[in-house]
Amino acid sequence: MKPVKVGICGLGTVGGGTFNVLKRNADEITRRAGRHIIVEEIGARRDNPAIDTKGTQITRDIFAVATNPEIDIVVELIGGYDVARDLVLTAIENGKHVVTANKALIAEHGNEIFEAAQKKNVMVAFEAGVAGGIPIIKAIREGLSANKINWLAGIINGTGNFILTEMKEKGRDFDDVLKEAQELGYAEADPTFDVEGIDAAHKLTILSSIAFGIPLQFNKAYTEGISKITTEDVQYAEELGYRIKHLGVSRRTEQGVELRVHPTLIPEKALLANVNGVMNAVVVDGDAVGQTLYYGAGAGAEPTASAVVADIVDVVRTMTADRDNRVPHLAFQPGSLSDHPVLPVEQTETAYYLRMQALEQPGVLAKITSILGEKGINIEAIIQKETSEEQVPVIILTQTVQEQKMNEAIAEIEAFEGISGSVTRIRVEHLDG
Ligand code: HSE
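Residues numbered from 1 in each chain as written. Predicted model: local features only at pLDDT ≥ 70, side-chain atom pairs only at ≥ 80, totals over all residues. Heavy atoms only, no water.

On to the domain arrangement of the protein chain, then. Buried accessible area, meaning the area lost when the parts come together, often serves as the stated size of an interface. The domain boundaries assigned to the protein chain delineate domain 1 (4-133 + 301-336), domain 2 (139-297) and domain 3 (347-428). If you look at the interface, domain 2 gives 19 residues, while domain 3 gives 15 residues. Summed over both sides, the interface between domain 2 and domain 3 buries roughly 1500 Å², with carbon and sulfur atoms accounting for 61% of that surface. Ranking the residues of domain 2 by area buried against domain 3 places Y236, L240 and L265 at the top, with a combined share of 38%. The interface formed by domain 2 and domain 3 includes four salt bridges. A salt bridge links E232 to R355, with the shortest nitrogen-to-oxygen separation between them at 3.8 Å. Contributions of two or more residues to the side of domain 2 that touches domain 3 are made by α11 (231-239), β9 (242-252) and β10 (257-267). With six residues, β10 is the largest single contributor of residues to the side of domain 2 that touches domain 3. (Domains from an automatic or database assignment. Contact = heavy atoms within 4.5 Å. Buried area = accessible area lost by both parts, 1.4 Å probe. Salt bridge = Lys/Arg side-chain N within 4 Å of Asp/Glu carboxyl O. Helix = DSSP H or I, 4+ residues; strand = E, 2+ residues; numbered from the N terminus.)

A word on the pattern of salt bridges. If you walk through the whole model with that rule in mind, you get 32 salt bridges. For E188, the salt bridge identified is with K103, shortest N-O distance 3.0 Å. Note that E188 is positioned in the loop between α8 (174-183) and α9 (192-195) and K103 in helix α5 (residues 103-120), a separation of 85 residues in sequence. Since its relative accessible area comes to 22%, E188 is described here as partly exposed. With relative accessibility at 13%, the residue K103 sits in the buried group. A salt bridge links K138 to E142, with the shortest nitrogen-to-oxygen separation between them at 3.1 Å. In this pair, K138 and E142 are both assigned in helix α6 (residues 136-143), four residues apart and thus about one turn of the helix distant. Residue K138 is classed as partly exposed on the basis of its relative accessible area, which comes to 32%. Given the relative accessible area of 30%, E142 is considered partly exposed. (Buried < 20%, exposed > 50% of the residue type's maximum accessible area, 1.4 Å probe, protein only.)

Let us look at the pairing of strand β2 (residues 37-43). Here β2 lies mainly inside the structure; six of its seven residues are buried. Bridge analysis of strand β1 (residues 4-9) against β2 gives six bridges, and the strand direction is parallel. Across the sheet, residue I8 finds its bridge partner in β2, namely I42. (Pairing = 2+ DSSP bridges.)

Read across the sheet, six strands follow the order β3-β2-β1-β4-β5-β6 without closing on themselves; strand pairing throughout is parallel. If you trace the sheet from one side to the other, it starts and ends with β3 (57-59) and β6 (124-125), each paired once.

Of all the positions in α8, only F174, V177, L178 and A181 are classed as buried. Around the axis of α8, the buried residues are gathered within 100° of arc, so they sit on the same side. Exposed and facing more than 90 degrees away from the buried side of α8 are D175, K179 and E183. Each element contacted by the buried residues of α8 is listed here: α7 (158-170) and α9. Among the residues trailing α8, G185 stands out with phi positive, at a value near 80°. (Arc of directions from axis to C-beta.)

What follows concerns the site of the ligand. Taken together, the residues surrounding the ligand are K103, N157, G158, T159, Y186, A187, E188, D194, D199, K203, G298 and A299. The side chain of T159 places a nitrogen or oxygen atom 2.6 Å from an oxygen atom of the ligand. Considering the ligand on its own, with 260 Å² of exposed area, one finds that the protein chains cover 93% of that surface. The cavity where the ligand resides is the largest pocket. (Near = heavy atom within 4 Å. Polar contact = N/O pair within 3.5 Å; in protein donor to acceptor, adjacent residues only side chain to side chain. Areas by Shrake-Rupley, 256 points an atom, 1.4 Å probe, with all protein chains shown as cover. 1 Å grid on protein atoms, 1.4 Å probe; cavity = no way out; pocket = protein on both sides within 12 Å on 5 of 7 lines; lining within 4 Å. Sits in = over half its atoms within 2 Å of the grid points.)

With that out of the way, let us pick up the packing of helix α13 (residues 364-374) against helix α14 (residues 403-415). Two packed helices can be described by the angle between their axes and the distance between those axes. Packing of α13 against α14 leaves a shortest axis separation of 9 Å and a crossing angle of 155°. With respect to each other, α13 and α14 are oriented roughly antiparallel. Crossing of α13 against α14: the hand is right-handed. Facing α13, whose interface residues are I368, I371, L372 and E374, α14 presents A409, E412 and I413. Here the contact of α13 with α14 is composed, by residue class, of five nonpolar, no polar and two charged. (Axes fitted to C-alpha atoms, helices over the stretch in contact; angles between N-to-C directions. Parallel < 35°, antiparallel > 145°, perpendicular 65-115°, else oblique. Left-handed = near helix turned anticlockwise from the far one by under 90°. Nonpolar A, V, L, I, M, F, W, Y, C, P; charged D, E, K, R; others polar.)

Okay, structure coming up:
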């Protein structure tokens, strides 16, 4: 059979990794795909001295790749939104299948891109966009297709997890670890995407769409980063038997779908609590299968290339199939997406860790607990540290409550003169149902 010709746009960390994996494992990949896969052309605005591209045609014009009549599959690895969107839509318009690692692109423009792809009867594959090398899209979209998914939760940003792990285990400075993550090629071009949870929210948006069969709605995701996590909170969490991880959580409730990324206390015995460094992991709870866990490298050249190349193989295998006989982009048939709403964060439910500075006076603790009690918030645990100072740290773990109720309680606690400064709040998930 004729070889399949691929054009790679972008020769950075992931582009370079993809080129190398395709070359190194060419025989094995051909045995799997049933056809030779050759890199016909690379579009890159600059050379990557670490990659030996000798013998492969290179252009500085990435759009020339998207319109090259020889090319069957365009692999978009330039990242970003606008140019990537134009590139992908141009490729689709020219009848090319597309493979991308660009979660920002899919989370923000996926609905439009999939619609264009359906019209042109081409595929857009994006496994590498979520959790690096872990085949989580394939697992949810195909492996769990019998299930009604209840919830999923994951560590889906390698850079953030690398930073939290190094800070906790080696006491390293935030900026120093971030710099190393950038040097290792883990971090986004704008690393605030990693530390402020935007990258994780892009990925969670995609996961929740394929889990619950709803359109992509990144603008409704609640996003909170890790830059305000203090070593005190890490230590208090440990005393209480928890670890702090930056989680993406999406849960189906009767009222709607929760879609939130934030630092989270999880029990230290939970498998996710023991996912360290650049590793990612996602727990998916389905009504038939129960809980399943997916673990692997969430960033880096070859782990991400592993997912890109798997997508290329998938596309090659079904290139000749009609669009109605392929796995739908968002797991559910395009006409069967549901309008179950994404809930505002105030309507989501979780347990909480609260830390505040209380005056060392009689009645202060009683007042705090009574504010919580009046809002119907049950206290799970409470720690008051012994001190000779006038102010004492008080740490409270609550049971599950609606966020709106907690906002009201925190506002009252902060207004109480027995408390100084603001209340630190970190959400708590037990991941057990
Ligand atoms: N910046 C991302 C991360 C890269 O650290 O997880 C992989 O998506």
